[in-house]
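# Topology and contacts: notes
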Amino acid sequence: GQQLNQSPQSMFIQEGEDVSMNCTSSSIFNTWLWYKQDPGEGPVLLIALYKAGELTSNGRLTAQFGITRKDSFLNISASIPSDVGIYFCAGQLYTSGTYKYIFGTGTRLKVLA
Amino acid sequence: EAQVTQNPRYLITVTGKKLTVTCSQNMNHEYMSWYRQDPGLGLRQIYYSMNVEVTDKGDVPEGYKVSRKEKRNFPLILESPSPNQTSLYFCASSFAGGGNTIYFGEGSWLTVV
(Lines give C-alpha, C1' and ligand atoms only; values in the text may rest on other atoms or scores of the structure.)
Protein backbone atom coordinates (compact mmCIF):
# COMPACT_ATOMS: atom_id res chain seq x y z
CA GLY A 1 0.00 0.00 0.00
CA GLN A 2 0.95 3.62 -0.43
CA GLN A 3 2.85 5.34 2.36
CA LEU A 4 3.98 8.88 2.94
CA ASN A 5 7.67 9.74 3.03
CA GLN A 6 8.36 10.85 6.57
CA SER A 7 11.69 12.10 7.84
CA PRO A 8 13.70 11.77 9.86
CA GLN A 9 13.07 8.18 10.85
CA SER A 10 14.45 8.79 14.30
CA MET A 11 16.20 11.45 16.26
CA PHE A 12 17.88 12.00 19.58
CA ILE A 13 17.69 15.51 20.95
CA GLN A 14 18.57 17.31 24.13
CA GLU A 15 15.80 18.54 26.40
CA GLY A 16 14.93 22.12 25.50
CA GLU A 17 15.82 21.78 21.82
CA ASP A 18 13.36 22.34 19.01
CA VAL A 19 12.39 19.46 16.73
CA SER A 20 11.18 19.42 13.17
CA MET A 21 9.85 16.57 11.07
CA ASN A 22 8.04 16.43 7.76
CA CYS A 23 6.03 14.31 5.40
CA THR A 24 6.05 14.49 1.63
CA SER A 25 4.21 12.78 -1.17
CA SER A 26 3.70 12.93 -4.90
CA SER A 27 -0.07 12.99 -4.34
CA ILE A 28 -2.30 15.91 -3.45
CA PHE A 29 -4.06 15.73 -0.08
CA ASN A 30 -7.11 17.57 1.25
CA THR A 31 -6.32 16.92 4.91
CA TRP A 32 -3.12 16.44 6.90
CA LEU A 33 -3.11 14.95 10.38
CA TRP A 34 -0.34 14.53 12.94
CA TYR A 35 -0.40 11.88 15.65
CA LYS A 36 1.73 10.79 18.59
CA GLN A 37 1.92 7.16 19.56
CA ASP A 38 3.35 5.92 22.84
CA PRO A 39 4.67 2.33 22.95
CA GLY A 40 1.83 -0.18 22.84
CA GLU A 41 -0.83 2.52 22.73
CA GLY A 42 -3.08 3.92 20.07
CA PRO A 43 -2.17 7.01 18.05
CA VAL A 44 -3.47 10.22 19.58
CA LEU A 45 -4.36 13.15 17.35
CA LEU A 46 -2.15 16.20 17.87
CA ILE A 47 -3.07 18.57 15.06
CA ALA A 48 -5.45 18.49 12.09
CA LEU A 49 -4.96 20.68 9.01
CA TYR A 50 -7.67 21.20 6.41
CA LYS A 51 -6.48 23.97 4.08
CA ALA A 52 -3.37 24.52 1.99
CA GLY A 53 -1.07 26.95 3.78
CA GLU A 54 -2.80 26.50 7.12
CA LEU A 55 -0.53 26.89 10.14
CA THR A 56 -1.92 25.55 13.40
CA SER A 57 -0.50 25.35 16.91
CA ASN A 58 -1.30 23.13 19.86
CA GLY A 59 0.80 24.23 22.81
CA ARG A 60 4.43 23.70 21.90
CA LEU A 61 3.47 21.96 18.67
CA THR A 62 3.04 23.73 15.35
CA ALA A 63 2.12 22.11 12.05
CA GLN A 64 1.64 23.44 8.55
CA PHE A 65 -0.23 22.21 5.49
CA GLY A 66 2.07 22.77 2.52
CA ILE A 67 1.00 25.17 -0.21
CA THR A 68 1.37 22.47 -2.86
CA ARG A 69 -0.87 20.18 -0.74
CA LYS A 70 1.78 17.49 -1.09
CA ASP A 71 3.61 18.01 2.19
CA SER A 72 3.32 18.96 5.84
CA PHE A 73 5.68 19.59 8.72
CA LEU A 74 5.46 19.37 12.48
CA ASN A 75 7.60 21.40 14.87
CA ILE A 76 7.99 20.82 18.58
CA SER A 77 9.52 23.68 20.52
CA ALA A 78 11.49 23.38 23.76
CA SER A 79 11.22 19.59 23.93
CA ILE A 80 10.70 17.85 27.26
CA PRO A 81 11.23 14.19 28.23
CA SER A 82 7.53 13.32 27.87
CA ASP A 83 7.74 14.22 24.17
CA VAL A 84 9.38 10.83 23.66
CA GLY A 85 7.38 8.63 21.32
CA ILE A 86 6.60 8.01 17.69
CA TYR A 87 5.11 10.81 15.66
CA PHE A 88 3.47 10.10 12.38
CA CYS A 89 1.58 11.98 9.74
CA ALA A 90 -1.51 10.99 7.86
CA GLY A 91 -3.00 12.48 4.76
CA GLN A 92 -6.46 12.11 3.32
CA LEU A 93 -6.87 12.04 -0.42
CA TYR A 94 -9.57 11.26 -2.93
CA THR A 95 -8.70 8.27 -5.10
CA SER A 96 -10.58 5.63 -7.06
CA GLY A 97 -13.92 7.16 -6.14
CA THR A 98 -13.38 7.22 -2.39
CA TYR A 99 -11.51 9.05 0.34
CA LYS A 100 -8.50 7.23 1.71
CA TYR A 101 -6.05 7.85 4.55
CA ILE A 102 -2.36 7.34 3.88
CA PHE A 103 0.13 7.15 6.74
CA GLY A 104 3.77 8.01 7.21
CA THR A 105 6.16 5.46 8.64
CA GLY A 106 6.80 7.54 11.73
CA THR A 107 9.55 9.55 13.41
CA ARG A 108 10.85 8.05 16.63
CA LEU A 109 11.79 10.83 19.00
CA LYS A 110 14.08 10.35 21.97
CA VAL A 111 14.73 13.23 24.32
CA LEU A 112 17.83 13.26 26.47
CA ALA A 113 17.37 15.02 29.79
CA GLU B 1 -16.35 10.97 25.88
CA ALA B 2 -15.79 10.40 22.15
CA GLN B 3 -13.84 7.22 21.66
CA VAL B 4 -13.06 4.09 19.72
CA THR B 5 -13.06 1.02 21.95
CA GLN B 6 -11.36 -2.26 21.10
CA ASN B 7 -11.48 -5.58 22.91
CA PRO B 8 -9.52 -7.50 23.89
CA ARG B 9 -6.46 -5.31 24.42
CA TYR B 10 -4.19 -8.31 24.78
CA LEU B 11 -4.68 -11.87 23.56
CA ILE B 12 -2.52 -14.94 23.16
CA THR B 13 -4.13 -17.69 21.12
CA VAL B 14 -3.19 -20.85 19.30
CA THR B 15 -2.99 -21.44 15.58
CA GLY B 16 -6.36 -22.21 14.06
CA LYS B 17 -8.56 -21.11 16.93
CA LYS B 18 -11.07 -18.59 15.63
CA LEU B 19 -11.13 -15.23 17.34
CA THR B 20 -12.91 -11.92 17.06
CA VAL B 21 -11.62 -8.50 17.99
CA THR B 22 -14.47 -6.11 18.62
CA CYS B 23 -14.48 -2.42 17.79
CA SER B 24 -17.09 0.12 18.77
CA GLN B 25 -17.25 3.89 18.27
CA ASN B 26 -19.65 6.39 19.83
CA MET B 27 -19.15 9.28 17.39
CA ASN B 28 -21.75 8.23 14.79
CA HIS B 29 -18.97 7.84 12.22
CA GLU B 30 -19.80 6.29 8.87
CA TYR B 31 -16.24 5.20 8.08
CA MET B 32 -14.47 2.50 10.08
CA SER B 33 -11.23 0.70 9.36
CA TRP B 34 -8.86 -1.93 10.69
CA TYR B 35 -5.07 -1.65 10.54
CA ARG B 36 -2.19 -3.79 11.62
CA GLN B 37 1.07 -2.29 12.74
CA ASP B 38 4.32 -4.22 12.46
CA PRO B 39 7.88 -3.04 13.13
CA GLY B 40 9.30 -1.22 10.14
CA LEU B 41 6.10 -1.54 8.13
CA GLY B 42 3.95 1.20 9.59
CA LEU B 43 0.17 1.02 9.53
CA ARG B 44 -1.31 -1.28 6.91
CA GLN B 45 -5.00 -1.30 6.18
CA ILE B 46 -6.79 -4.65 6.47
CA TYR B 47 -10.42 -3.80 5.72
CA TYR B 48 -12.57 -0.72 5.79
CA SER B 49 -16.25 0.13 5.77
CA MET B 50 -17.86 3.24 4.34
CA ASN B 51 -21.19 2.55 6.05
CA VAL B 52 -23.47 -0.18 7.33
CA GLU B 53 -23.31 -3.32 5.17
CA VAL B 54 -20.56 -1.78 3.00
CA THR B 55 -17.09 -3.26 3.44
CA ASP B 56 -13.99 -3.33 1.22
CA LYS B 57 -10.57 -4.90 1.27
CA GLY B 58 -7.58 -2.82 2.25
CA ASP B 59 -3.97 -3.61 1.47
CA VAL B 60 -3.57 -6.80 3.54
CA PRO B 61 -6.99 -8.52 3.80
CA GLU B 62 -5.85 -12.16 3.53
CA GLY B 63 -6.81 -14.22 6.58
CA TYR B 64 -9.29 -11.68 7.91
CA LYS B 65 -13.01 -11.05 7.73
CA VAL B 66 -15.14 -8.14 8.87
CA SER B 67 -18.79 -7.27 9.16
CA ARG B 68 -20.71 -4.02 9.57
CA LYS B 69 -24.21 -4.82 10.72
CA GLU B 70 -24.50 -1.72 12.89
CA LYS B 71 -23.04 1.72 12.42
CA ARG B 72 -21.13 1.72 15.70
CA ASN B 73 -19.55 -1.76 15.51
CA PHE B 74 -16.94 -3.19 13.18
CA PRO B 75 -15.56 -6.52 14.40
CA LEU B 76 -12.43 -8.10 12.95
CA ILE B 77 -12.59 -11.88 12.58
CA LEU B 78 -9.66 -14.25 12.25
CA GLU B 79 -11.23 -17.53 11.19
CA SER B 80 -8.04 -19.57 11.45
CA PRO B 81 -5.25 -17.46 12.94
CA SER B 82 -1.66 -18.17 12.00
CA PRO B 83 1.60 -16.95 13.59
CA ASN B 84 2.14 -14.38 10.84
CA GLN B 85 -0.96 -12.60 12.13
CA THR B 86 0.82 -11.80 15.36
CA SER B 87 0.66 -8.03 15.40
CA LEU B 88 -0.70 -4.89 16.98
CA TYR B 89 -4.14 -4.12 15.59
CA PHE B 90 -5.92 -0.79 15.51
CA CYS B 91 -9.49 0.08 14.76
CA ALA B 92 -10.21 3.60 13.56
CA SER B 93 -13.20 5.68 12.55
CA SER B 94 -14.12 8.98 10.96
CA PHE B 95 -16.96 10.76 9.26
CA ALA B 96 -17.13 9.91 5.57
CA GLY B 97 -16.12 12.43 2.97
CA GLY B 98 -13.25 14.82 2.64
CA GLY B 99 -11.80 17.07 5.31
CA ASN B 100 -12.30 14.68 8.20
CA THR B 101 -10.13 13.39 11.02
CA ILE B 102 -9.61 9.71 11.74
CA TYR B 103 -9.58 8.54 15.36
CA PHE B 104 -7.90 5.39 16.64
CA GLY B 105 -8.64 2.87 19.32
CA GLU B 106 -6.04 1.94 21.91
CA GLY B 107 -4.91 -1.15 20.04
CA SER B 108 -5.12 -4.90 20.46
CA TRP B 109 -1.97 -6.93 20.90
CA LEU B 110 -2.51 -10.33 19.32
CA THR B 111 -0.04 -13.20 19.60
CA VAL B 112 -0.66 -16.43 17.71
CA VAL B 113 1.45 -19.38 18.83
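Residues numbered from 1 in each chain as written. Chains lettered and ligands numbered in written order. Predicted model: local features only at pLDDT ≥ 70, side-chain atom pairs only at ≥ 80, totals over all residues. Heavy atoms only, no water.

Time to look at the state of the cysteines. Cysteine pairs can be linked by a disulfide, which is a covalent bond between their two sulfur atoms. Applying the stated criterion across every chain yields a total of two disulfides over all chains. Here Cys23(A) pairs with Cys89(A) through a disulfide, and the sulfurs are 1.8 Å apart. Measuring handedness by torsion sign, the sulfur bridge of Cys23(A) and Cys89(A) sits at about -90° and is left-handed. Here Cys23(A), found in strand β3 (residues 19-24), pairs with Cys89(A), found in strand β9 (residues 85-95); they are 66 residues apart in sequence, far enough to count as distant. Residue Cys23(A) is classed as buried on the basis of its relative accessible area of 0%. The disulfide partner of Cys23(B) is Cys91(B), and the S-S distance across this bridge is 1.9 Å. The sign of the S-S torsion, about -75°, decides the handedness of the disulfide formed by Cys23(B) and Cys91(B): left-handed. (Disulfide = S-S within 2.5 Å. Helix = DSSP H or I, 4+ residues; strand = E, 2+ residues; numbered from the N terminus. Buried < 20%, exposed > 50% of the residue type's maximum accessible area, 1.4 Å probe, protein only.)

Time to look at the pairing of strand β7 (residues 61-65) of chain A. Residue and element names in this part refer to chain A. Of the two faces of β7, the one holding Leu61, Ala63 and Phe65 is buried and the one holding Thr62 and Gln64 is not buried anywhere. Here strand β6 (residues 55-58) hands over to β7 after two residues, with Gly59 in that stretch at a positive phi of 65°. Alignment of β7 against strand β8 (residues 71-76), held across five bridges, turns out to be antiparallel. Opposite Phe65, over in β8, you have Ser72 as the bridge partner. (Pairing = 2+ DSSP bridges.)

So, on to the environment of Arg9(B). With respect to the helices, strands and loops of the structure, Arg9(B) is situated in the loop between β1 (4-7) and β2 (10-13). Each C-alpha atom of the pair Arg9(B) and Asn28(B) lies 23 Å from the other, and the pair is 19 residues apart in sequence. Beyond its immediate sequence surroundings of up to four residues, Arg9(B) is in contact with Gly40(A), Glu41(A), Glu106(B), Gly107(B), Ser108(B) and Trp109(B). A polar side-chain atom of Arg9(B) sits 3.3 Å from a polar atom in the side chain of Glu106(B). (Contact = heavy atoms within 4.5 Å. Polar contact = N/O pair within 3.5 Å; in protein donor to acceptor, adjacent residues only side chain to side chain.)

In this structure the tally under the stated criterion is seven salt bridges over all chains. Arg9(B) serves as the salt-bridge partner of Glu41(A), at 3.9 Å between the closest nitrogen and oxygen. Of the two residues, Glu41(A) is situated in the loop between β4 (31-37) and β5 (44-49) and Arg9(B) in the loop between β1 and β2; the pairing between them involves two chains. On the basis of relative accessible area, Glu41(A) is assigned to the partly exposed category, the value being 32%. A salt bridge links Lys65(B) to Glu79(B); the shortest N-O distance between them is 2.9 Å. Of this pair, Lys65(B) sits in strand β7 (residues 65-66) while Glu79(B) sits in the loop between β8 (76-78) and β9 (87-94), and the two are 14 residues apart along the sequence. (Salt bridge = Lys/Arg side-chain N within 4 Å of Asp/Glu carboxyl O.)

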